[in-house]
Amino acid sequence: MKKIVLTIISLVTLISCQSDDKYENYNRDPKNPTQVDADFLFNNAQKSLVDQMTSTSVNRNVFRLLGQHWTETTYFDEANYDLTNRNIPEYHWSEMYRDVLLDLKTAKEVAEANPELSAGEIAARKAQAEVLMVYTYQQLVDTYGNIPYTESLDAEGFPLPAYDDAATIYSDLITRIDAATPNLTGSGFSIDNIYGGDMAAWTKFANSIKLRIGIRLSDVNPTLSQSTVESAVAGGVFTSNDDNATFEYQGATPNTNPLWVDLVQSGRSDFVPANTLVDFMNDLEDPRRAVYFDDNMGADTYVGGIYGASNTFSNYTHIGDLLHQPTFPGILLDYSEVSFYLAEAAARSYAVTGTVEEHYNNGITASFEYWDVADVATYLAKPEVAYATAPGADWREKIGSQFWLAMYNRGFEAWTVWRKYDTPVFNLPEDTGNPVPARYTYPINEQTLNGTNWEAASEAIGGDEQTTKIFWDVNDSPSN
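Residues numbered from 1 in each chain as written. Predicted model: local features only at pLDDT ≥ 70, side-chain atom pairs only at ≥ 80, totals over all residues. Heavy atoms only, no water.

(A) A look at the overall build of the protein chain. When you go through the protein chain residue by residue, the secondary structure sums to 18 helices and 4 strands. Its C-alpha radius of gyration of 21 Å places the protein chain within 12% of the 23 Å reference for a compact globule of 480 residues. Relative to its 480 residues, the protein chain shows a buried fraction of 60%. If you take every contact in the protein chain between residues at least 6 apart in sequence, the share linking residues at least 24 apart comes to 75%. Carbon and sulfur atoms make up 49% of the accessible area of the protein chain, which totals about 17,800 Å². (Helix = DSSP H or I, 4+ residues; strand = E, 2+ residues; numbered from the N terminus. Rg over C-alpha atoms; globule rule 2.2 N^0.38 Å. Buried < 20%, exposed > 50% of the residue type's maximum accessible area, 1.4 Å probe, protein only. Contact = heavy atoms within 4.5 Å. Areas by Shrake-Rupley, 256 points an atom, 1.4 Å probe, with all protein chains shown as cover.)

(B) Broad picture of the packing of aromatic side chains. For the structure on display, the rule yields 40 aromatic pairs. Between Tyr195 and Trp202 the ring centres are 5.7 Å apart and the planes differ by 75°, which places this aromatic pair in the edge-to-face class. Assessed through its relative accessible area of 11%, Tyr195 is described here as buried. With relative accessibility at 0%, the residue Trp202 sits in the buried group. Geometrically, the ring pair formed by Phe368 and Tyr379 is tilted, given 5.0 Å between the ring centres and 40° between the ring planes. Pair noted here: Phe368 is in helix H13 (residues 356-370) and Tyr379 is in helix H14 (residues 376-381), with a separation of 11 residues, a long-range link. With respect to class, Phe368 is no different from Tyr379; both count as buried. Cluster of aromatic residues (ring-pair linked, three or more members): Phe63, Trp93, Tyr97, Tyr144, Tyr163, Phe412, Trp415, Tyr440 and Tyr442. Taking NZ or CZ as reference, Arg439 lies 4.8 Å from the ring centre of Tyr442, over its face. (Phe/Tyr/Trp six-rings, centres within 6.5 Å; stacked < 30°, edge-to-face > 60°. Lys NZ or Arg CZ within 6 Å of the ring centre and 35° of its normal.)

(C) Quick peek at the pattern of salt bridges. Under the criterion given, the structure shown has 25 salt bridges. The partner of Glu112 in a salt bridge is Lys126, with the nearest N and O atoms 3.2 Å apart. Here Glu112 is found in helix H4 (residues 88-112), whereas its partner Lys126 is found in helix H5 (residues 119-144), with 14 residues between them in sequence. Take Glu112: its relative accessible area is 48%, and that puts it in the partly exposed class. Given a relative accessible area of 28%, Lys126 falls into the partly exposed group. A salt bridge links Arg348 to Asp219; its shortest N-O distance comes to 2.7 Å. Taken together, the residues span a long stretch of sequence, with Arg348 in the loop between helix H12 (335-347) and H13 and Asp219 in the loop between helix H7 (199-216) and helix H8 (222-235) at a distance of 129 residues. Given a relative accessible area of 23%, Arg348 falls into the partly exposed group. (Salt bridge = Lys/Arg side-chain N within 4 Å of Asp/Glu carboxyl O.)

(D) Spotlight on the nonpolar core. Ranked by size, the top nonpolar core spans 136 residues in total, and within it Phe205 and Leu332 carry the most contacts. Per element, the largest residue contribution to this core is 13 residues, and it comes from H5. (Core = buried A, V, L, I, M, F, W, Y, C linked by side-chain atoms within 4.5 Å.)

(E) Quick peek at the packing of helix H6 (residues 166-180) against H7. Packing of H6 against H7 leaves a shortest axis separation of 10 Å and a crossing angle of 160°. By the angle between their axes, H6 is roughly antiparallel relative to H7. Crossing of H6 over H7 shows left-handed handedness. Together, Tyr170, Leu173, Ile174, Ile177 and Asp178 of H6 and Ala206, Lys210, Ile213 and Arg216 of H7 make up the contact between the two elements. In terms of residue class, the contact of H6 with H7 is made up of 6 nonpolar, no polar and 3 charged. (Axes fitted to C-alpha atoms, helices over the stretch in contact; angles between N-to-C directions. Parallel < 35°, antiparallel > 145°, perpendicular 65-115°, else oblique. Left-handed = near helix turned anticlockwise from the far one by under 90°. Nonpolar A, V, L, I, M, F, W, Y, C, P; charged D, E, K, R; others polar.)

(F) Structural view of the packing of H5 against H7. The N-to-C vectors of H5 and H7 enclose an angle of 25°; their axes lie 11 Å apart at closest approach. The orientation of H5 relative to H7 falls into the category roughly parallel. Regarding H5 and H7, the two cross each other, and that crossing is left-handed. Contact residues: H5 offers Ala124, Gln128, Val131, Leu132, Val134, Tyr135, Gln138 and Asp142, while H7 offers Met199, Trp202, Phe205, Ala206, Ile209, Arg212, Ile213 and Arg216. Looking at the contact of H5 with H7 residue by residue, the classes come out as 11 nonpolar, 2 polar and 3 charged.

(G) Summary view of the environment of Ser227. Along the chain, Ser227 falls in helix H8. The sequence separation of Ser227 and Glu384 amounts to 157 residues, and the corresponding C-alpha distance is 33 Å. Among the polar contacts made by the side chain of Ser227, one reaches the main-chain carbonyl oxygen of Leu224 at a distance of 3.1 Å. (Polar contact = N/O pair within 3.5 Å; in protein donor to acceptor, adjacent residues only side chain to side chain.)

(H) Just helix H10 (residues 275-284), in detail. Burial in H10 covers these residues: Asn275, Thr276, Leu277, Val278, Met281 and Leu284. Tucked inside the fold, the buried residues of H10 contact strand S3 (271-273), helix H11 (289-292), H14 and helix H15 (395-406). Two residues or fewer past H10, Glu285 is found with a positive phi of approximately 50°.

(I) Looking closely at unusual backbone geometry. A cis amide bond, omega 10°, links Thr253 with the succeeding residue Pro254. Summarising the element assignment, Pro254 is placed in the loop between strand S2 (245-247) and helix H9 (258-265). A cis amide bond links Thr423 to the next residue, Pro424, at an omega of -5°. Mapped onto the fold, Pro424 is located in the loop between helix H16 (411-421) and helix H17 (444-449). Phi at Asn87 is positive, roughly 55°, even though this residue is not glycine. Considering the arrangement of structural elements, one finds Asn87 in the loop between strand S1 (70-72) and H4. A relative accessible area of 30% places Asn87 in the partly exposed class.

(J) A look at H13. For H13, built from 15 residues, the straight-helix expectation of 21 Å at 1.5 Å per residue is met to within 8% by its first-to-last C-alpha distance of 21 Å. Of the positions making up H13, those classed as buried are Val356, His359, Tyr360, Gly363, Ile364, Thr365, Ala366, Ser367 and Phe368. Looking at the packing, one finds that the buried side of H13 touches H11, H12, H14 and H15. Asp372 sits one or two residues past H13 and shows a positive phi near 55°. (Expected span 1.5 Å × (residues − 1).)

By themselves, these observations are geometric and do not establish any function.
What follows is the structure in structure tokens.
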């Protein structure tokens, strides 16, 4: 029986999840099961991670709402930031610890014990798993703050895990990615639905994750930020959309993009683009509207749903057709994101090649190219867009606004851009006026079953509240 992840939520939910169809082998015949091997576990962790970051189910992922790219129609509790009614923090916590981190840890152990693998093959597989573990731990820190880390995956030794300091975790993640990257050579896992075994691509992915970590630190630890960013760039980060960390979905269940499940297979009409995003893009006459959104309101007419209100589906612009396709890829990290990080690095005079404007333009161009939207040159020349003339007191607002636009369908990163760059101005929910969350609260099960450690962690971060900021979020984000 699979080991139980340390976190208490997993202890509670493990039995109910034994029949979860995610443990059907993604690229193998389920009618001929074999002993669970490292490749299976690695593949399942990949899919679980991308599914969780891609889904728009209100039971598991509401990041598109927190980033105010989308809002809801009939049921709008989540757009008003009621995240506990459906135990959303609990589901995310459990999924990331149990179905991603634990599988990756076990995949490393199984690979290491395989006598048929060479030392180099074992090292490569462990490095691939380590890269995804770093990605996942960073995501958890950026969602909750302090989290179980050093005691997080050993239920036997630490049945009630302590929480580690978020900034300390960040430092350790840099060490871990540095240790893993040199081993990304030769032959890795045989099932790899992100890069198909291309270890050079994995190396760029690892360095780009390191770049992300470094930039997150820029406002709180500029020295570590600069050294981390410069090291990542020297090692080689993404240079085009060909490098994007994408997961290829299939056309039939259970291996479709989870967006298709929620938007099409469900037969429901629960989401529309939010007025926060639509109004911003309308002001710029942004040509990406034609693919981000549907033209159901008429040619070149886009009306966003009122954020946090009850919106009649037929009265507002709908989500674009591409996001309704079952094979639409999921993304963990892309070139547009990397380009905007490099723009900030250049603005801070870090030793990266290129100017702020060049990287800013690259980020916008990469977004246009990804969505197959033409005439980016005309858009870049708009006074409201051109880096030299775009409104904003400094680079933070200019970069942040276009970064936020480019993260469409990347709900977590859109929300994180708002937290990090304090732009654009978000709307308060129409129904309640609740403040935009700065984090998820800890799962309720942690409070009830791991209460001593939960209480210590809550006190350490300044209170287990949605408005308590992650350690790197030191500025005031604007909202109406």
